[in-house]
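Letter by letter, the chains look like this.
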Amino acid sequence: MSDFQNYIDGKWVSSPAQIQNINPSDTNDIIGDYARADKAQAEEAIAAASAASESWRRSNIQQRFDSLDAIGTEILARKEELGRLLAREEGKTLPEAIGEAARAGQVFKFFAGEALRIQGEFMSSVRPGVEIEISREAVGVVGIITPWNFPIAIPAWKIAPALAYGNTVVFKPAELVPGSAWALSEIVSRSGLPEGVFNLVAGAGREVGQAMLDDPRVNAVSFTGSVGTGAAVAGACSARGAKFQLEMGGKNPLIVLADADMDNAVACALNGAYFSTGQRCTASSRLIIEASVHDQFVDALKTKVESLTVGNALDEGTQIGPVVDQRQFDQNARYLDIGKSEGADLVCGGDIVERKTPGFYMTPALFADTGNDMRVNQEEIFGPVATTIKAGDVEEALAIANDTAFGLSAGLCTTSLKSAVKFKRESRAGMVMVNLPTAGVDYHVPFGGAKGSSFGSREQGRYAAEFYTTVKTAYLGA
Ligand code: TXE
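Thresholds applied
Residues numbered from 1 in each chain as written. Predicted model: local features only at pLDDT ≥ 70, side-chain atom pairs only at ≥ 80, totals over all residues. Heavy atoms only, no water. Salt bridge = Lys/Arg side-chain N within 4 Å of Asp/Glu carboxyl O. Helix = DSSP H or I, 4+ residues; strand = E, 2+ residues; numbered from the N terminus. Buried < 20%, exposed > 50% of the residue type's maximum accessible area, 1.4 Å probe, protein only. Near = heavy atom within 4 Å. Polar contact = N/O pair within 3.5 Å; in protein donor to acceptor, adjacent residues only side chain to side chain. Areas by Shrake-Rupley, 256 points an atom, 1.4 Å probe, with all protein chains shown as cover. 1 Å grid on protein atoms, 1.4 Å probe; cavity = no way out; pocket = protein on both sides within 12 Å on 5 of 7 lines; lining within 4 Å. Sits in = over half its atoms within 2 Å of the grid points. Core = buried A, V, L, I, M, F, W, Y, C linked by side-chain atoms within 4.5 Å. Domains from an automatic or database assignment. Contact = heavy atoms within 4.5 Å. Points joined across faces, edges and corners; volume = space filled by probe spheres on them. Nonpolar A, V, L, I, M, F, W, Y, C, P; charged D, E, K, R; others polar. Buried area = accessible area lost by both parts, 1.4 Å probe.

**What to know about the pattern of salt bridges**
Working step 1: Evaluation of the coordinates by the stated rule reveals 21 salt bridges.
Working step 2: We note a salt bridge from Lys109 to Asp69, for which the minimum N-O separation is 3.0 Å. Here the residue Lys109 occupies a position in helix H4 (residues 94-115), and Asp69 occupies one in helix H2 (residues 61-77), the gap between them amounting to 40 residues.
Working step 3: Note on Lys109: relative accessible area 30%, which makes it partly exposed.
Working step 4: One salt bridge in this structure joins Glu175 and Lys172, with 3.7 Å as the shortest N-O distance.
Working step 5: By relative accessible area, Glu175 is classed as partly exposed at 32%.
Working step 6: Where salt bridges share partners, they join Glu74, Arg78, Glu81, Glu186 and Arg190 into one cluster.

What follows is the structure, given as structure tokens:
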């Protein structure tokens, strides 16, 4: 039996099967066997969340604050330990992982405060003697389905607002990273929430996730993951009228104009394209460079890319950890072949390398002078692979940047205020960054994209209220 059970209706429960949690930096290192819930357990969790829903929606906001604040405090106090577990199971470097754990704590603290600030409106009526009150109420049972690339921050930024606004939660983490999900759930389980308000069901997407999508007792689903699964979430939820929110892929452009501070532009590209092994939905995968500085930029970036230290996520000095698993490793290799067969010039990287421990190590790759219509520029690779694309001027650069099915984040490096303002206005992305990497966002402001990257209302910050609440308009007669 696994030591790491699922959490249903206030109890830890074992499951018939296990998920083996493997360290991508050292595939001989098994982090643990985690209980793999089945459909029946998913339904038990949904039943528990449903039964707890009525009283939790009417719960005292001080109680919500106290629980969320306690969770945030504990995560922050244990960020080193949680970060180490995260780095071990997902493969981002230890400093990145500790930063992610801290962010999860900050998110819980933020939404603890938001529970105290749930706002409504009071309006006059067009009818005499009538007053109108507009208030926000909990949606009910929220299903939370998360990916592997941010194993603690993404669950935090969905679970915290769900609870703050009075919803009950059924949480299904990604199969590859049950450790951080379990550790987070264990903290949540001791935060004073009533039984059934929060439930963990680690298990397969097609079984446990699908059960959540299909169950009429689940009133809303918040999903982050691949485009394909996002479409399945949309189909199942809209068929039965459930609310849903999708955060999916990106093919984020970083434009570098000739007037940019080149050192900063190279640093932005290096960070945005390769840190966290390129496994970020906000990664800068398309570097759109003004033609007059293209070759100079490629040379400077190549030198930096080649000097990055690829290694075990837990080793001091590692800058790029391993790819998360064999499947993603194969996907990266496939796209490197696709790029080469499309005629892209691989200037460095893309090599499978060995380290002291067996893991999924790949050197960061750069394709130069590619065409935006190539598959490597239109499909999300989700690995340490970036391309450069030449553009004649800011107009053309913007047109290329916007020429994608996605629209999550977009960046521009320039010293021209005029170009920065134009970019901010004309970029078809949910988040725009000037002289900053496309990845790396604050926790108290909205996160989300345009076009195929996102669907539904924004996550995070005060804007999260839009998804996790429903609006009631009350007319009060004399
Ligand atoms: O995603 P999935 P995976 C992309 C990236 C990556 C690819 C596959 O390209 O290589 O997706 O990753 C659950 N009903 N991104 O397999 O399958 C699943 O269990 C309900 C980009 O991890 O979308 C997991 O919890 N749920 C992205 C979650 O959905 C289902 C981040 C996401 O898994 C389900 C992650 C179903 N039928 C992957 N099937 C980004 N850009 O941030 C699966 N799930």
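**A closer look at the site of the ligand**
Working step 1: The immediate surroundings of the ligand are formed by 26 residues, with Thr146, Glu175, Ser226, Arg327 and Gln328 found nearest.
Working step 2: The contact in question runs from an oxygen atom of the ligand to an N or O atom on the side chain of Thr229, over 2.9 Å.
Working step 3: A distance of 3.3 Å is found between an oxygen atom of the ligand and a side-chain nitrogen or oxygen belonging to Gln331.
Working step 4: Protein burial of the ligand: of its 810 Å² of free accessible surface, 89% is covered by the chains.
Working step 5: Of all the cavities here, the one that holds the ligand is the largest pocket.
Working step 6: Those elements that place two or more of their residues in the shell around the ligand are helix H7 (205-214), strand E10 (220-224) and helix H11 (326-341).

**Observations regarding the nonpolar core**
Working step 1: Among the nonpolar cores identified, the biggest contains 63 residues, and Phe108, Ile159 and Phe198 are the most heavily contacted of them.
Working step 2: Ranked by the residues each element gives to this core, the list is headed by H4, at 11 residues.
Working step 3: Counting contributing residues, this core receives three or more from each of domain 1 (6-248 + 453-477) and domain 2 (252-434).
Working step 4: Beyond its immediate stretch of four places on either side in the chain, Ile159 contacts Phe108, Ile144, Val169, Phe171, Leu184 and Phe198.
Working step 5: The next biggest cluster of nonpolar side chains, apart from the first, holds 28 residues, and it includes Ala273, Leu308, Cys348 and Leu366.

**Here we look at empty space enclosed by the protein**
Working step 1: One pass over the structure, following the stated rule, counts 4 cavities of 30 Å³ or more.
Working step 2: Tallied by class, residues from the lining of the largest cavity come to 6 nonpolar, 6 polar and 3 charged.
Working step 3: Here the second largest cavity is characterised by a volume of approximately 70 Å³.
Working step 4: Elements supplying a minimum of two residues to the lining of the second largest cavity: strand E12 (252-256), helix H13 (394-402) and strand E17 (409-413).

**Notes on the domain arrangement of the protein**
Working step 1: Here the protein is partitioned into domain 1 (6-248 + 453-477) and domain 2 (252-434).
Working step 2: Computed over C-alpha atoms, the centres of domain 1 and domain 2 are 31 Å apart.
Working step 3: On the domain 1 side of the contact with domain 2, Ser25, Trp148 and Ser453 bury the most area, a combined 26% of that side's loss.
Working step 4: Applying the counting criterion to the domain 1 and domain 2 interface returns 0 salt bridges.
Working step 5: Inspection of the domain 1/domain 2 interface yields 10 residue pairs in polar contact (both at pLDDT 80 or more).
Working step 6: Those elements that place two or more of their residues in the side of domain 1 that touches domain 2 are strand E4 (26-36), helix H3 (79-90) and H4.
Working step 7: For the side of domain 1 that touches domain 2, the leading source of residues is H3, giving 4 residues.

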